[in-house]
Each structure stands twice: as C-alpha cells, then as structure tokens.
Amino acid sequence: MMQDGGAAGGADTPSDRIVAVPCEGDDVLALFALADGEPLGEVPVGSHPVHATTAEGRTFVATMGDRAVTAVDADGAVSRVETGVLGPSHFAAANGELFVSCTAGDTLAVVDPETLTLVARVAVDAEPHEVAVAPDGRRLYAGSRREGVVDVVDPAAREALGAVDVGADARVQGVAIGPEGDRGYAVDQAGARVVAFAPGRAEGGSDADPVLDAAAVGADPYDLVVTADRVFVPGRGDGVVHEFDRDLGLAAVHEGFSRPVDLFRIGGERWVLDAAADRLRSLEGSVVETPAPGLVATRVGDRLVVSHYDDDRISLVDVADGTVWTAETPAYPFGSVVV
C-alpha cells in the first residue's frame, strides 16, 4: 500500500541520517547522506534488489533474483537469510517478524530480524506481491497476481486462513486495509478496478461473500492510498487519479497527469508522483519541478526522497522549496529507506 501519512523527521532532520537505496541494475545498496546527498558507499546485496525495510537496527533488502534476503548492519556487515524460494519482493512486519512475499515461490517467507534466521514459510496463492497489515497487527493480506485473490494470513500461527476472490481474471497488485480495520481494498490491474472487501468475512468458516463492492479506475492501476474516508487509485495508463469514499462511491477523477504512480499528503495537499513527468503535482494543482520523472518516493517529514529509476539518480525534494539536492546512483534505483 502506498503511504498517505508521514514519517519521522522533517526539514531539520539530523545530519547523520542516511538514505539507503537498492539499485536493481547493479545489485547494490547505495548509501547517501540525507542532509546533502553526499555518496557514502555501496554495499553488494544480491541479484535485483528492489525494496528495503528496517528492523532491529538493520536494513533488510529484498533481492528478487535470489532465494534470500540481505541484512546490512549499521557497521556495514552483510548477512544473507535464505528463503528457499525465488523472488523476494515486498516486506511486511507483524508479530515481531518480517514476512517477505516471494513472487516465484508462492510463499511468504518469515524471517526473525534479530537472529537472522528463516523461521517459517507460509504457502499462499501464486505470485504474491504486496502485503498489507491489519491495524491491530493480527492479520496479513497478500495479493496474488496470478490467481486473482487476496490471501488472509495469521502471523502468530504463520498460516493462511482463507482468501478473498477478486475475480477469475484479476491480477491483484496493491492491497490495503483501512485504518479502522473494517474495510480492505485490492487493485485489479488486469480489470482496471478497485475492489472493497470485509476482512472478517475472508477467513474460513464465514458463509458471507467478503467482496463488498467494486469500481472502475484508470487503465493500468498498480497501487492505492487509503485514508479514514478516502481511497485514491492512480491509473498509470490514462494519467488520472480516481478518488472514492470508503464505500467506493466516486468523489472525483483528477486528470492532467502523465503516468501517476504514487501519492503523499504533505502541507495540506495530496502530491502525486509521476513516472513520466519531471514534476510533483498536487490534486489541487500546485506544481514542484523535479530533476527527472520519479518512480518511487520515500517520505521524510515534509520532504520526499525521489528515486529517478530510468535516470540513475535520486533527489531530496521539498514541496515548499523545490529540489534540495540530486545525486547520481548505480543503475535503476528503487524503493529507499532512511536510517
């Protein structure tokens, strides 16, 4: 799920914070000073690193070309945690453990971030992608890109409990659970739809259909942002952002984007990251120029660390003051973390 909320820090973030960027094309984690973008080094992490997260003082990197994830300590020490199946891509934290979707292994690998061991593998439907965590942390929801379902997982028991059938031809990409926990949402990329479901009905033993409603969105949707009263779905193929209420009643269709991929609420406006335009533009029409189009961004206070995937650069962008700094990276920088 894309993030509409904030993250720790702001314009006066401590000077010793570091931006860690998996660079998919060069199999490294590139490090930069958050304050000024100064390059601090590169750490080899394995084949096709795409996403990173932090736990127990370490940075964990999902390497889609391997059967393992990589852990990097604060002192630079590197450890590998074998998943046993190919394609680690996304992380979710629950029950003190990391759940890693393995797209080629139809599995969530469960990693203990303290002992750096694989403690379990949870079988789910084919090509699991994003994983959403319930607000109370008691359930995980993993979308299947091949089977058109959202699997429901009990993280404490490390077992699947049921599934939401999004549709026979659906390709589930983004998955999110609303902040109150009573609504779940799944993006069907193949059908250009967003589907709302009742999380409690998706477990075994319930006779009620968990699917509550569905609505059409722009072509080639990939992810979504869910707040207490709104659901936003960018349509990458049409350059639009659909805005719904929590029951998928259409509130607005925001046009004028090129390839919208992400959305962040900063300074009272919702800013859209565009993978085909060198700018941030808010739903209200405000514009901030960026050095290049951005594919992924990480929020740090009122700023965004933007990964310019096709241009081998990252930038720190302030929505009030514009670009703070830009730095060259190894090939294809992807989802960063700030440590």
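Residues numbered from 1 in each chain as written. Predicted model: local features only at pLDDT ≥ 70, side-chain atom pairs only at ≥ 80, totals over all residues. Heavy atoms only, no water.

Novice: Can you tell me about unusual backbone geometry, naming the residues and giving the values?
Specialist: Phi is positive for Glu 56, close to 55°, though the residue is something other than glycine. Position of Glu 56 relative to the elements: it lies in the loop between β4 (49–55) and β5 (58–63). You can call Glu 56 exposed: its relative accessible area is 51%. Backbone geometry places Glu 127, a non-glycine residue, at a positive phi of 55°. Mapped onto the fold, Glu 127 is located in the loop between β11 (117–123) and β12 (128–133). The exposure class assigned to Glu 127 is buried, which follows from its relative accessible area of 19%. (Helix = DSSP H or I, 4+ residues; strand = E, 2+ residues; numbered from the N terminus. Buried < 20%, exposed > 50% of the residue type's maximum accessible area, 1.4 Å probe, protein only.)

Novice: Describe the pairing of strand β23 (residues 250–254), naming the residues involved and giving the relevant values.
Specialist: For strand β22 (residues 240–244) and β23, the ladder comprises four bridges, and the chain directions are antiparallel. Within β23, the position partnered with His 242 by the bridge is Val 253. Counting the residues in the hairpin turn of β22 and β23 gives five residues, including Leu 248, whose phi is positive at 70°. (Pairing = 2+ DSSP bridges.)

Novice: Before we move on, can you summarise the environment of Ala 276 with the specific residues and values?
Specialist: Along the chain, Ala 276 turns up in the loop between β25 (269–274) and β26 (279–282). In the structure, Ala 276 is positioned 37 residues away from Gly 239 in sequence and 9.6 Å away in space, judged by C-alpha atoms. For Ala 276, the contacting residues outside a window of four places in its chain are Ser 258, Arg 259 and Pro 293. (Contact = heavy atoms within 4.5 Å.)

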